[in-house]
Amino acid sequence: MPGENTTRSETSIECDLLVIGSGASGMTAAIVGRKLGGLDVIVAEKESVFGGTTALSGGYLWIPNNPLSQAAGVRDSVDAARDYIRHEAGNHFNAKHVEAFLRDGPRMVAFMHDQTAVRFEAAPAFSDYHPDAPGGLPGGRSILTQPVGASILGAELSRLRPPRPELTLFGLTIGSGKELWHFYRATRRVGSFAYVMRRLAKHGFDVALHGRGMLLTNGNALAARLYRTARDSDIPVWLDSPVKELTIDGGVVTGAIVQTPRGMKRIVARRGVVLACGGFPQDLSRRQRIYLHGADSIAHVSAASPGNIGDGIKLGEAAGARIVEGYPNAAAWAPVSLVPRKDGSKGPFPHFIDRGKPGVIAVLRNGRRFVNEANSYHDFVQGMIKATPPGAPVEAFLIAGHRTLRRYGLGYVKPAPLPLKSSIDSGYLLKGETIAELARMAGIDGAGLDETIQKWNSDVAGGEDHSFGKGSTAYNRFHGDPEVTPNPCLAEIRGPYYAIRLVPGDIGTFAGLRTDENARVLDGTGEPIPRLYAVGNDMASILGGNYSGGGITLGPGMTFGFIAGRHIAGVGDL
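The structure displayed is predicted, hence computed values, not measured ones.

### Regarding the overall build of the protein chain
Of the regular secondary structure elements, the protein chain holds 16 helices and 22 strands. Relative to the globule expectation of 25 Å for 574 residues, the C-alpha radius of gyration of the protein chain, 24 Å, shows essentially globular dimensions. Taken across its 574 residues, the protein chain has 59% of its residues classed as buried. Nonlocal contacts in the protein chain, meaning residues at least 24 apart in sequence, comprise 73% of its contacts between residues at least 6 apart. Of the roughly 21900 Å² of accessible surface on the protein chain, a fraction of 52% belongs to carbon and sulfur atoms. Taken together, the 62 basic and 55 acidic charged side chains of the protein chain have centroids lying 4 Å from each other.

Next comes the structure, spelled out in structure tokens:
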């Protein structure tokens, strides 16, 4: 390691670039700085595992005009993407940031494939979240991380943040996209049954031999691929090493004080410091100041990494930075249910895709629907908040009949042939033989629920949800069932009846530090703070508090990590 000096009371270590945080955006900045600029880089991660919220994510990136989708035949354009972002960002549209993203997003993808272990694949059927908006597309802007064998990490596999147990099956993480549909259809398609049996058998063999599954998917695969690249590039990643403060000399950020397992280290960063700490989704005090709904640990449950308590935001503010204000949504909202665990705690289950399935509706305590259930998770929570009377808790219930539940599952509850009893016994899944019985168990108005279900069932035969238009967009239909006609998102609700309670949650924050188009952190006057950068959720989202499509955190996060790494290294256009 370059430049260690033990003559001082604090060990002093010199490098060119210090990256704080080991998620995708920070690791991208580190890798780019090393590979394109030959910089000496250190990554400091405060937790005992690497990967941050990236490792818990679906592993999607939203990158318009990316080369993989172009090769798959997707027709996109910079002008269309710009129009769509302008529509999504509204008054918070920042032309310089957007142009940088549109220019360098495809370059970042190409760089990753050319010079790293990271591999993505196109998702041409995965729609933008508002495909009917100006510039929206019915698919192709989101790309997915390819699975990878855990052997890529060797003995360091134990350092990778594991996926949330609530999102696994017997510890197996099911890949997004085609693999998920094999699991849905395992009891109805011979090919899918065979696929699932092979997958489970291989997983069981791996658990017996290695104590865990050995195929990494989704965000776990992305975190592992980035870490492997960093290690192959001689970039040290320090775990259990929280940054205590930035060091500043004459207004210039010169490094940081880091508490490591080997003692306090003074890092002198000759070229720059990158804040990549994942925003503030677990910072209760800041949430309560910024969120417009109840944001304590009971009323709002974040599915982001537990360590994301706003460290980067606080470090930036101490150096004179300002957090962006006025975003209509401070975070990427997602409804969550709370799954009881054996130790008495409850784990968050974010409801990304089950709401779009045919025969699933959502109601408030009055038994009435309030939103198109198949819209994005971000839009769904906005609907929850808007529909809740002032002073009342923001909550909702997913409702489904027996046939729907056994075919697709619901939340943490898996489809047939897996049993329901444990979920019912724990109180996670509520069951009623009649609508009235379910309403009593859930505390829902029975007359309102009965009327809602009857209205829903009457709409199903015609294939049109007259109340909220479920199944009316390409995004809705992507999460429906194409085997169900005429509307893949509509099916009758028949007893027995089931319900799961939802509360607002998030998968990361949007309201980050103000930066320029090179990811340099700005002070209160709008001037760059010398040698200080912010990427990922420490940087204010370029979508202005809205959600354009799957991967709107990782896509810009890695793109601006790419931009920051090049800027710090002094690398011009590729």
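On we go.
### Here we look at the confidence of the model for the protein chain
Taken as a whole, the protein chain shows an average pLDDT of 94; of its residues, 98% reach a score of 70 or greater. Residue range residues 1-8 is modelled with pLDDT below 50. Its contacts to residues more than four positions away, or to other chains, number 18 contacts.

### Quick word on the sheet that holds strand E4 (residues 120-122)
Where strands meet in a sheet, backbone hydrogen bonds hold them as pairs that are either parallel or antiparallel. Pairing in this open sheet of 3 strands is antiparallel, and the strands run E3-E5-E4 from one edge to the other. Each edge of the open sheet is held by one strand with a lone partner, namely strand E3 (60-62) and E4. With strand direction ignored, the average angle separating the axes of adjacent strands in the sheet is 35 degrees. Here helix H4 (residues 95-115) sits on the sheet and contacts E3, E4 and strand E5 (142-145); the angle it forms with E4, its principal contact strand, is near 120 degrees.

### Here we look at the packing of aromatic side chains
Scanning all chains against the criterion turns up 17 aromatic pairs. Each ring, one from phenylalanine 126 and one from phenylalanine 478, has its centre 5.0 Å from the other, and the planes form 5 degrees; the classification is stacked. Taken together, the residues span a long stretch of sequence, with phenylalanine 126 in the loop between E4 and E5 and phenylalanine 478 in helix H15 (residues 474-478) at a distance of 352 residues. According to the relative accessible area criterion, phenylalanine 478 is partly exposed, its value standing at 27%. Each ring, one from phenylalanine 510 and one from tyrosine 547, has its centre 6.0 Å from the other, and the planes form 65 degrees; the classification is edge-to-face. With phenylalanine 510 in the loop between strand E20 (497-509) and strand E21 (520-522) and tyrosine 547 in the loop between strand E22 (528-534) and helix H16 (554-569), the pair connects residues that are 37 residues apart, well separated along the chain. For the pair phenylalanine 510 and tyrosine 547, a shared accessibility class is recorded, and that class is buried. Sitting over the ring of phenylalanine 93, arginine 86 keeps its end group 4.6 Å from the ring centre. One residue, arginine 286, lies across the ring of phenylalanine 280, its end atom 5.8 Å from the ring centre.

### Thoughts on unusual backbone geometry
Of note, the amide linkage connecting alanine 416 to proline 417 takes the cis form, showing an omega dihedral of 15 degrees. Its location among the elements puts proline 417 in the loop between helix H11 (402-408) and helix H12 (421-425). In this structure, the amide linkage connecting glycine 495 to the following residue, proline 496, adopts the cis form with an omega of -5 degrees. Even without being a glycine, aspartate 234 presents a positive backbone phi close to 60 degrees. Topologically, aspartate 234 is positioned in the loop between helix H7 (218-232) and strand E10 (237-238). The phi dihedral of arginine 531 falls on the positive side, at around 70 degrees, and the residue is not glycine. The class for arginine 531 is partly exposed, based on a relative accessible area of 36%.

### A closer look at the pairing of E20
Counting buried residues in E20 gives 12 out of 13 residues, a clear majority hidden from the surface. In this sheet, E20 lies alongside strand E14 (residues 301-302) in parallel orientation, the contact comprising 2 bridges. What sits directly across from serine 302, in E20, is aspartate 506. Here strand E15 (residues 331-340) pairs with E20 via 5 bridges, running antiparallel. Each residue of the ladder has a partner; that of valine 336, found in E20, is valine 503. Pairing of strand E18 (residues 396-401) with E20 involves 6 bridges; the strand directions are antiparallel.

### Quick look at the pairing of strand E11 (residues 243-249)
Inspection of the sheet shows E11 paired to strand E12 (residues 252-260) by 6 bridges, in the antiparallel sense. Directly across from isoleucine 248, in E12, lies its bridge partner valine 253. Once E11 ends, the chain turns through 2 residues before running back antiparallel as E12, passing glycine 250 with a positive phi of about 60 degrees.

### Digging into the environment of glycine 391
With respect to the helices and strands, the residue glycine 391 is situated in the loop between helix H10 (377-387) and E18. Given the relative accessible area of 85%, glycine 391 is considered exposed. Taking the C-alpha atoms as reference, glycine 391 lies 40 Å from leucine 144; in sequence the two are 247 residues apart.

### Side note on the pattern of salt bridges
Within this structure, the stated rule accounts for 33 salt bridges. As a salt-bridge pair, aspartate 40 and arginine 270 come within 3.7 Å of each other at their nearest N and O atoms. With a gap of 230 residues between them, aspartate 40 in the loop between helix H1 (24-37) and strand E2 (41-44) and arginine 270 in strand E13 (residues 263-275) connect regions that are remote in the sequence. Arginine 270 gets classed as partly exposed once you look at its relative accessible area, which sits at 35%. Each of Glu14, Asp16, Arg34, Asp40 and Arg270 takes part in a single network of salt bridges with overlapping partners.

### Considering the side chain of serine 22
By the secondary structure assignment, serine 22 is in the loop between strand E1 (11-20) and H1. Within the structure, the side chain of serine 22 is placed 3.0 Å from the backbone nitrogen of glycine 51, a separation counted as a polar contact.

Conventions and cut-offs
Residues numbered from 1 in each chain as written. Predicted model: local features only at pLDDT ≥ 70, side-chain atom pairs only at ≥ 80, totals over all residues. Heavy atoms only, no water. Helix = DSSP H or I, 4+ residues; strand = E, 2+ residues; numbered from the N terminus. Rg over C-alpha atoms; globule rule 2.2 N^0.38 Å. Buried < 20%, exposed > 50% of the residue type's maximum accessible area, 1.4 Å probe, protein only. Contact = heavy atoms within 4.5 Å. Areas by Shrake-Rupley, 256 points an atom, 1.4 Å probe, with all protein chains shown as cover. Lys, Arg positive; Asp, Glu negative; His and termini not counted. Charge placed at Lys NZ, Arg CZ, Asp CG, Glu CD. pLDDT = per-residue confidence, 0-100. Pairing = 2+ DSSP bridges. Axes fitted to C-alpha atoms, helices over the stretch in contact; angles between N-to-C directions. Phe/Tyr/Trp six-rings, centres within 6.5 Å; stacked < 30°, edge-to-face > 60°. Lys NZ or Arg CZ within 6 Å of the ring centre and 35° of its normal. Salt bridge = Lys/Arg side-chain N within 4 Å of Asp/Glu carboxyl O. Polar contact = N/O pair within 3.5 Å; in protein donor to acceptor, adjacent residues only side chain to side chain.

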